[in-house]
Amino acid sequence: MRIPKPPPSWHKNSCNMGYSLLTRLLRAFRKQKKLTQAALAKKVNRTPSWVTRYERGNIRLDIIDFQEIVSALDMPIYNFAHYFEHYAEQDTKTKPSEQKLLFTEPFELTKNLTDTALSKTAIKVQQLMIEYIASQNVSLDMALHYSELRQVKKYIFQNFLKYIRIYTRVSQTELTKAIDRPQSFISKAERGERCLDFCEIRQICQLLNINMPDFMQAIDSCWKESVLIFYQKLDTITGRES
């Protein structure tokens, strides 16, 4: 698959505008849920100042941070992706205020992944995820479960990125050139040395002609299943211990 070269500064401009919209949407949805920054911070095991900083755009949220926030706001991740796409299509010059960012009826969940590359990726990563959890030590200390689950989610994401690229027949070199990034950008992400953010993933989906909400839905389904498998393994371990 050949990827057309985007126009100069496409990556930088797209990410800057997209990240601004992302933080506005997250802030607006938090307020709609009537959650204070402190209340949200408690839900995601962070400090209130961390929430303040990302809502102001002062820190970068990787995809795992983003998933935890959206989950704490009790919003399906594919719904958020649909809302993002809807507002991203609006005239960027208008810079809509939070009051104009309206969340109404949820978008319908895609019942089947019709995209062959995406469905093949989901099946492959599910198999890898099960093997990965089976090979890992699960701590009996509940305080460590957050970091252990975060590592599982990171493993799932890096493999989703790797196999969606493979199944769309695009090389790492082709993809890094298309998004105007250094040669090591994609390889580091696929090795788990760098976790991409929402806007970077959206750009890759656009270039690979993958529907972003469907992509996020597939990853989120795998993430949720990983939590169940993680705690099933923990139950087995604690059963043996007793």
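Being a predicted model, the structure only gives us computed values, none of them experimental.

Looking at the confidence of the model for the protein
Link 1 in the chain: Per-residue confidence for the protein averages 83 on the pLDDT scale, and 81% of its residues sit at or above 70.
Link 2 in the chain: Note that residues 2-14 has pLDDT below 50 and, in this model, 21 contacts with residues that lie over four places away or in other chains.
Link 3 in the chain: In this model residues 105-114 is a low-confidence stretch, pLDDT under 50, and it forms 17 contacts with partners more than four residues away in sequence or in other chains.

A closer look at the packing of aromatic side chains
Link 1 in the chain: Inspection of the entire model under this criterion finds nine aromatic pairs.
Link 2 in the chain: Aromatic side chains Tyr 163 and Tyr 167 sit 6.0 Å apart centroid to centroid with 35° between the ring planes, which places their arrangement in the tilted category. Here Tyr 163 and its partner Tyr 167 are both found in helix H7 (residues 145-167), four residues apart, which amounts to about one turn of the helix.
Link 3 in the chain: Residue Tyr 163 is classed as buried on the basis of its relative accessible area, which comes to 13%.
Link 4 in the chain: With a relative accessible area of 27%, Tyr 167 lands in the partly exposed category.
Link 5 in the chain: Ring centres of Phe 230 and Tyr 231 lie 5.1 Å apart, and the angle between their planes is 85°; this geometry places the pair in the edge-to-face category.
Link 6 in the chain: Owing to a relative accessible area of 3%, Phe 230 belongs among the buried residues under this scheme.
Link 7 in the chain: The class for Tyr 231 is partly exposed, based on a relative accessible area of 34%.
Link 8 in the chain: An aromatic cluster is built from Phe 66, Phe 80, Phe 84 and Phe 198, whose rings are joined through pairwise contacts.
Link 9 in the chain: For Arg 46, the ring lying beneath its charged end belongs to Trp 50, and the centroid distance is 4.2 Å.

Thoughts on the layout of surface pockets
Any empty space left between the atoms is revealed when a probe the size of a water molecule rolls over them.
Link 1 in the chain: The computed volume of the second largest pocket comes to approximately 200 Å³.
Link 2 in the chain: What lines the second largest pocket is simply Lys 43, Val 44, Asn 45, Gln 67, Glu 68, Ser 71, Ala 72, Tyr 146, Leu 149, Arg 150, Lys 153 and Val 227.
Link 3 in the chain: At the level of secondary structure, the elements contributing two or more residues to the lining of the second largest pocket comprise helix H4 (63-72) and H7.
Link 4 in the chain: Here the residues of the lining of the second largest pocket sort into five nonpolar, three polar and four charged.

Structural notes on the packing of H4 against H7
Link 1 in the chain: Their axes nearest at 10 Å, the elements H4 and H7 cross at an angle of 115°. Helix-helix and strand crossings are classified by hand; for H4 and H7 the assignment is right-handed. Residues Ile 63, Ile 64, Asp 65, Gln 67 and Glu 68 of H4 lie in contact with H7, whose contacting residues are Tyr 146, Arg 150, Lys 153, Lys 154 and Phe 157.
Link 2 in the chain: For the contact of H4 with H7, a count of residues per class yields four nonpolar, one polar and five charged.

Describing the pattern of salt bridges
If charged atoms from side chains of opposite charge come close, those side chains can pair.
Link 1 in the chain: If you walk through the whole model with that rule in mind, you get 13 salt bridges.
Link 2 in the chain: Asp 197 is the salt-bridge partner of Arg 60, the closest N and O atoms lying 3.5 Å from each other. Within this pair, whereas Arg 60 is found in the loop between helix H3 (48-55) and H4, its partner Asp 197 is found in the loop between helix H9 (184-190) and helix H10 (198-208), the two being separated by 137 residues in sequence.
Link 3 in the chain: On the basis of relative accessibility, which here comes to 37%, the residue Arg 60 falls in the partly exposed class.
Link 4 in the chain: Residue classification places Asp 197 among the buried positions, given a relative accessible area of 6%.
Link 5 in the chain: Note that Arg 202 is salt-bridged to Glu 85, the shortest N-O span being 2.9 Å. One end of the pair, Arg 202, is in helix H10; the other, Glu 85, is in helix H5 (residues 77-88), and 117 residues separate them in sequence.

Focus: the nonpolar core
Link 1 in the chain: In terms of nonpolar packing, the biggest core is built from 70 residues, with Ile 63, Phe 66, Phe 80, Phe 160, Phe 198 and Phe 215 touching the most fellow members.
Link 2 in the chain: The contacts of Phe 160, once residues within four sequence positions are left out, are Leu 118, Thr 121, Ala 122, Val 125, Phe 215, Ala 218, Ile 219 and Cys 222.
Link 3 in the chain: By size, the runner-up hydrophobic cluster in this structure holds five residues, among which are Leu 149, Phe 230, Leu 234 and Ile 237.

A closer look at unusual backbone geometry
Link 1 in the chain: Of note in this structure, Asp 74 is not a glycine but carries a positive phi near 60°.
Link 2 in the chain: Inspection of the secondary structure assignment puts Asp 74 in the loop between H4 and H5.
Link 3 in the chain: Of note, Asp 180 is a non-glycine position whose phi angle comes to about 55°, a positive value.
Link 4 in the chain: Relative to the elements of secondary structure, Asp 180 occurs in the loop between helix H8 (172-178) and H9.
Link 5 in the chain: Overall, the relative accessible area of 51% leaves Asp 180 in the exposed class.

Quick look at the environment of Leu 61
Link 1 in the chain: Secondary-structure assignment places Leu 61 in the loop between H3 and H4.
Link 2 in the chain: Take Leu 61: its relative accessible area is 1%, and that puts it in the buried class.
Link 3 in the chain: For the pair Leu 61 and Tyr 19, spaced 42 residues apart in sequence, the C-alpha separation works out to 9.3 Å.
Link 4 in the chain: In this structure, Leu 61 is in contact with Tyr 19, Leu 26, Trp 50, Tyr 54, Ile 69 and Asp 197, ignoring residues within four places of it in sequence.

What counts as what
- Residues numbered from 1 in each chain as written.
- Predicted model: local features only at pLDDT ≥ 70, side-chain atom pairs only at ≥ 80, totals over all residues.
- Heavy atoms only, no water.
- pLDDT = per-residue confidence, 0-100.
- Contact = heavy atoms within 4.5 Å.
- Phe/Tyr/Trp six-rings, centres within 6.5 Å; stacked < 30°, edge-to-face > 60°.
- Helix = DSSP H or I, 4+ residues; strand = E, 2+ residues; numbered from the N terminus.
- Buried < 20%, exposed > 50% of the residue type's maximum accessible area, 1.4 Å probe, protein only.
- Lys NZ or Arg CZ within 6 Å of the ring centre and 35° of its normal.
- 1 Å grid on protein atoms, 1.4 Å probe; cavity = no way out; pocket = protein on both sides within 12 Å on 5 of 7 lines; lining within 4 Å.
- Points joined across faces, edges and corners; volume = space filled by probe spheres on them.
- Nonpolar A, V, L, I, M, F, W, Y, C, P; charged D, E, K, R; others polar.
- Axes fitted to C-alpha atoms, helices over the stretch in contact; angles between N-to-C directions.
- Left-handed = near helix turned anticlockwise from the far one by under 90°.
- Salt bridge = Lys/Arg side-chain N within 4 Å of Asp/Glu carboxyl O.
- Core = buried A, V, L, I, M, F, W, Y, C linked by side-chain atoms within 4.5 Å.

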